[in-house]
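Chain and residue survey
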Amino acid sequence: MDCLEFRRLLLQDPYRAEPELLQHESGCAECAHYAARIRQQEASLRSLLNAPAPPPELAENIRLGARMERRSGYVRRVWMSAAASLLIGISISMFMLFDQQQARGNMLLARSVIHHIEDEAGHLREPGPASPDRVRAVLARFGAELVGDLGPVRFAAECVMRKRTGVHLVLSGEQGPVTAFMMPGEHADSPIPIDSTRFHGEIIPTEWGVLAVVGERGEVIAPIATRLARSVHWPQGSRLSAQTPLAAHLARLGIHSPRTL
Amino acid sequence: MAALSKHFDTLVGALSPELYRYALGLCRNQDVAQDLVQETFLRAWRSQQTLRDIKTARAWLYTILRNEHARLYERQRPEVRDPHLLPEVPVQGYDTRTEAFALRRALDQLDEQYREPLLLQVIGGFSCKEIGRMLSLKPNTVLTRLFRARKMLRDRLDEEGREKQHGLP
């Protein structure tokens, strides 16, 4: 070990005591003198840095702070669990309320459809046929276009339901007359089945509004809905929501292009 | 998870004096040093689940204190007392010899990167490996910094001695 290395190691830690270091120190007077000075400086440094004592109250203040923290932590936990319970309660209530409102909205829409058919039951007895021009004219009022064969149409008119105007059609089904309402701007979150003692059918959400197809009990609705979907084009594009067997059936038939139905 | 709560009071009693000294070495202000130590223990209490082994609590507390000090510096720069002045409030163990004032001034002039490892070695008694872990430095870098810190201290003290010999203020 040379003097440079000795001094480098000494300045890293003046109290290190490797045999090599001590050996060099005992054999080199200059380095021994240097080491004595450095150790004296180190002693002063250690004494200076390790002398200040904290104020006597410091430890007690820390313990007090921890006790307060423990207590406030407990109180916080109690409040947090109370708040969490309240939040869960509110969420459940809101969900139930929303669910109830949605169910109520669906029920009212289904009821409006049934009432409308019953109120205007005379249209079910219309012998027809309504001419394709008549159907075109009614659809044209809503910007829709007849592009295919709807089959025999007994009645076609503009009607008012739930303060909105829509297309009221009566078609011929296997079991009797089938009513179709096309209600632009009407909203349904999900398909709504329609069932009464006499009628059955479905309200299907679309992008432009809803389509309700209702026939006598036993009537197979899907082919009629398919025919309606294929034969009427709406101007702003629409798509059947494929969430019901009927909608899925129409989707399988490819009747969900943006301009169809 | 180590049961800090069980040992908390003991740790406060055993470690608050040396942590106070370390804090004082970092911030050079007694009031701030007290606050730093209190905040350190409070943070340790709140995040005790992060302490895996109670045996490492000491180094952990030093690291928390160092981080607290850095955080404090981000917000504000605490007033550093002139090392030539006596503290306003008497501090037990405050060395009032001329040599002590000179050494204090030399220490104050050290750049933080040199003062920090020196404080951890002298006050905390940590090895260069431990200091390296705490400061995220390689052990060799720690050794270099310790070497430079002491060399600078010695040079400044020598310089001051020469100035005195020549009657300079």
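Residues numbered from 1 in each chain as written. Chains lettered and ligands numbered in written order. Predicted model: local features only at pLDDT ≥ 70, side-chain atom pairs only at ≥ 80, totals over all residues. Heavy atoms only, no water.

Considering the overall build of chain B
Counting its secondary structure elements, chain B contains seven helices and zero strands. Listing each helix as α and each strand as β along chain B from the N terminus yields α-α-α-α-α-α-α. Residue burial in chain B is summarised as follows: out of 169 residues, 48% are buried. Of the roughly 9,000 Å² that chain B leaves accessible, carbon and sulfur atoms contribute 48%. (Helix = DSSP H or I, 4+ residues; strand = E, 2+ residues; numbered from the N terminus. Buried < 20%, exposed > 50% of the residue type's maximum accessible area, 1.4 Å probe, protein only. Areas by Shrake-Rupley, 256 points an atom, 1.4 Å probe, with all protein chains shown as cover.)

Re the side chain of Thr-40 of chain B
Residues and elements named next belong to chain B. Tracing the chain through its elements places Thr-40 in helix 2 (residues 30-46). The class of Thr-40 is buried, set by a relative accessible area of 0%. In this structure, Thr-40 is in contact with Leu-61, Ile-64, Leu-65 and Glu-68, ignoring residues within four places of it in sequence. (Contact = heavy atoms within 4.5 Å.)

Considering the packing of aromatic side chains
To describe a pair of aromatic rings, one takes the distance between the centres and the angle between the planes. All names here are of chain B. Taken as a whole and judged by the stated rule, the model has four aromatic pairs over all chains. Summarising the aromatic geometry, the rings of Phe-8 and Phe-41 are spaced 5.9 Å apart at their centres and angled 90° between planes, so their arrangement reads as edge-to-face. You can see Phe-8 sitting in helix 1 (residues 4-27) and its partner Phe-41 sitting in helix 2, a full 33 residues away along the chain. Look at Phe-41 and you get buried, because its relative accessible area is 1%. Ring centres of Phe-8 and Trp-45 lie 5.0 Å apart, and the angle between their planes is 70°; on these two criteria the pair is classed as edge-to-face. On the criterion of sequence distance, the pair formed by Phe-8 in helix 1 and Trp-45 in helix 2 is long-range, its members being 37 residues apart. The class of Phe-8 is buried, set by a relative accessible area of 2%. (Phe/Tyr/Trp six-rings, centres within 6.5 Å; stacked < 30°, edge-to-face > 60°.)

A short note on the packing of helix 3 (residues 29-50) of chain A against helix 4 (residues 98-109) of chain B
To describe two helices that pack against each other, one gives the angle between their axes and the distance between the axes. Where helix 3 of chain A meets helix 4 of chain B, the closest approach of the two axes is 10 Å, and the angle between their N-to-C directions is 85°. Here helix 3 of chain A is positioned roughly perpendicular relative to helix 4 of chain B, judged by the angle of their axes. For the pair formed by helix 3 of chain A and helix 4 of chain B, the contact residues are Ser-44, Leu-45, Leu-48 and Leu-49 of chain A on the first element and Ala-100, Leu-103, Arg-104 and Leu-107 of chain B on the second. Residue composition of the contact of helix 3 of chain A with helix 4 of chain B, grouped by class: six nonpolar, one polar and one charged. (Axes fitted to C-alpha atoms, helices over the stretch in contact; angles between N-to-C directions. Parallel < 35°, antiparallel > 145°, perpendicular 65-115°, else oblique. Nonpolar A, V, L, I, M, F, W, Y, C, P; charged D, E, K, R; others polar.)

Description of the nonpolar core
One finds Val-37, Phe-41 and Leu-118 of chain B to be the most contacted residues of the largest nonpolar core, which totals 52 residues. No other element matches the 11 residues that helix 1 of chain B contributes to this core. Not counting residues within four places of it along the chain, the set of residues in contact with Leu-118 of chain B comprises Leu-45 of chain A together with Leu-107, Leu-110, Leu-146, Ala-149, Arg-150 and Leu-153 of chain B. (Core = buried A, V, L, I, M, F, W, Y, C linked by side-chain atoms within 4.5 Å.)

A look at the pairing of strand 2 (residues 153-161) of chain A
All names here are of chain A. Note that strand 2 and strand 3 (residues 164-172) share eight bridges and pair antiparallel. Bridge pairing links Val-153 to Leu-171 in strand 3. Between strand 2 and strand 3, which pair antiparallel one after the other, the connecting turn spans two residues, and Arg-162 there sits at a positive phi close to 50°. (Pairing = 2+ DSSP bridges.)

Here's the deal with the layout of surface pockets
Residue and element names in this part refer to chain B. Considering only enclosed or pocket space, the second largest pocket measures out at about 220 Å³ in volume. Lining the second largest pocket we find Thr-50, Leu-51, Arg-52, Asp-53, Thr-56, Ala-59, Trp-60, Thr-63, Glu-130, Arg-133 and Met-134. At the level of elements, helix 3 (57-75) and helix 6 (128-135) are the ones that each hand at least two residues to the lining of the second largest pocket. Residue composition of the lining of the second largest pocket, by class: four nonpolar, three polar and four charged. (1 Å grid on protein atoms, 1.4 Å probe; cavity = no way out; pocket = protein on both sides within 12 Å on 5 of 7 lines; lining within 4 Å. Points joined across faces, edges and corners; volume = space filled by probe spheres on them.)

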